[in-house]
Amino acid sequence: MNKSHPRNPLRCICYAAFLFVIAGSGAFARTSPADNNTQDEVGRMLGSGRPPRIMHVVVIWLKHRGSVADIITLVRASKSLKSIPGVMGITVGSMAFSKRKRPGVDSSFDVALVMSFKDKKSLDDYTKNPIHLKAVKEVLAPLARKYVIYDFQNLYYSGNKK
């Protein structure tokens, strides 16, 4: 089993929600090409010993809010994306509802998808891959009312705790 991905679906959704909030805050926003070089330099300074993986987060609001059939369709379609070269892992799941209101937590979405890519080129190639384009056209576009994408460079990952 690949230990670089959380086993607990709730943890995956919480992680995606965290990324959604952080990305929405502008903390990782890039305003110029020079900022990309800054991110690469930060990664080198942290000394992971490997090029940083690229994380691709897709947060989806369905046309039919909470539709179990649509959620299952999106999860099944996501599995086909693993065969695309450069895709290192995929985590997908539905929103983890919490009765407790917390500042900054957005519980309005239906599905979140978190993917990891070997490098920036792999993400660029993925966006042009026929399997991805087919999934967007035949599954995502018909089911989604709205979706938001966040891409970031993974500078630190602590792994799973048992």
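Everything numeric here is computed off the predicted structure, so don't read it as measured data.

Membership of the largest hydrophobic core comes to 21 residues, with the highest contact counts inside it found for Ile60, Leu74, Met115, Phe117 and Tyr126. Within the residue set of this core, elements represented by two or more residues are strand S1 (53–62), helix H3 (68–80), strand S3 (111–117), helix H4 (120–128) and helix H5 (130–143). With near-sequence residues (within four places) excluded, phenylalanine 117 lies in contact with Arg53, Ile54, His56, Gly86, Val87, Met88, Ser122, Leu123 and Tyr126. Ranked by size, the runner-up nonpolar core spans ten residues in total, among them Val59, Phe109, Ala112 and Tyr150.

A separate point is the environment of alanine 144. For alanine 144, the location among the structural elements is in strand S4 (residues 144–154). With 70 residues separating them in the primary sequence, alanine 144 and leucine 74 have C-alpha atoms 9.7 Å apart.

Two side chains of opposite charge can pair, provided their charged atoms sit close to one another. Inspection of the entire model under this criterion finds two salt bridges. A salt bridge links aspartate 110 to arginine 65, with the shortest nitrogen-to-oxygen separation between them at 2.7 Å. With aspartate 110 in the loop between strand S2 (87–94) and S3 and arginine 65 in the loop between S1 and H3, the pair connects residues that are 45 residues apart, well separated along the chain. According to the relative accessible area criterion, aspartate 110 is buried, its value standing at 4%. The class for arginine 65 is partly exposed, based on a relative accessible area of 47%. Here aspartate 125 and lysine 121 are joined by a salt bridge, their closest N and O atoms 2.7 Å apart. Of this pair, aspartate 125 and lysine 121 both sit in helix H4, four residues apart, roughly one helical turn. Judged by its relative accessible area of 34%, aspartate 125 is partly exposed. With relative accessibility at 56%, the residue lysine 121 sits in the exposed group.

A separate point is the sheet that holds S2. Spatially, four strands are ordered S2-S3-S1-S4 in an open sheet, and the strand pairing comes out antiparallel. The strands lining the two open edges of the sheet, one partner per strand, are S2 and S4. Averaged over neighbouring strand pairs, the angle between their axes works out to 15° when direction is ignored. Where S1 lies against S3, seven bridges are found, and the strand directions are antiparallel. In the strand pairing of S3, methionine 55 is matched with serine 116. The strands touched by H5 within the sheet are S1 and S4, with S4 carrying the most contacts at an inclination of about 115°.

What follows concerns the packing of aromatic side chains. Going through the model one piece at a time under the given rule, you end up with one aromatic pair. Directly above the aromatic system of tryptophan 61 lies the positively charged group of lysine 146, at a separation of 4.3 Å from the ring centroid.

Further remarks concern the side chain of aspartate 70. Following the sequence through the fold, aspartate 70 ends up in helix H3. If we ignore the near neighbours within four places in the chain, the residues touching aspartate 70 are Leu62, His64 and Leu143.

The next thing to look at is the confidence of the model for the chain. On average, residues of the chain score 79 in pLDDT, and 65% of them reach the 70 mark or higher. Between the elements of the chain, mean pLDDT differs from a low of 48, seen in helix H1 (residues 9–24), to a high of 97, seen in H5. Segment residues 1–6: pLDDT under 50, and 15 contacts once partners within four positions in sequence are set aside and those in other chains are kept. A low-confidence stretch, residues 17–34 stays under pLDDT 50, and its non-local contacts, those more than four residues away or across chains, total 15 contacts.

Cut-off values and rules
Each chain has its residues counted from 1, running along the sequence as written. Totals for whole chains, interfaces and linings use all residues, but because this is a predicted model, local features are given only for residues with pLDDT of at least 70 and pairs of side-chain atoms are given and counted only at 80 or more. Water and hydrogen atoms play no part in the side-chain values, which are based on all heavy atoms of the structure. Buried Ala, Val, Leu, Ile, Met, Phe, Trp, Tyr and Cys residues form a nonpolar core when they are joined through side-chain atoms within 4.5 Å. A simple rule labels every residue: compare its accessible area, found with a 1.4 Å probe on the protein chains alone, to the largest value its type can have, and call it buried under 20%, exposed over 50%, or partly exposed in between. Per the convention used, a helix needs a DSSP run of H or I reaching at least four residues, while a strand needs a run of E reaching at least two, with both numbered from the N terminus. Residue contacts follow a heavy-atom distance rule, with two residues in contact if any of their heavy atoms lie within 4.5 Å. We define a salt bridge as a side-chain nitrogen of Lys or Arg found within 4 Å of a carboxyl oxygen belonging to Asp or Glu. Only strands joined by at least two bridges in the DSSP assignment are considered to pair. Under this scheme, a helix contributes an axis fitted over its contacting stretch, all axes are lines through C-alpha atoms, and angles between N-to-C directions fall in the 0 to 180 degree range. Under the pairing criterion, centres of Phe, Tyr and Trp rings, with the six-membered ring standing for Trp, must be within 6.5 Å; the plane angle then separates stacked pairs below 30 degrees from edge-to-face pairs above 60, leaving the rest tilted. Charge-over-ring contacts are defined here by two conditions on Lys NZ or Arg CZ: a distance within 6 Å of the ring centre and an angle within 35 degrees of the ring normal. A residue's pLDDT is the predictor's confidence in that residue, given on a scale from 0 to 100.

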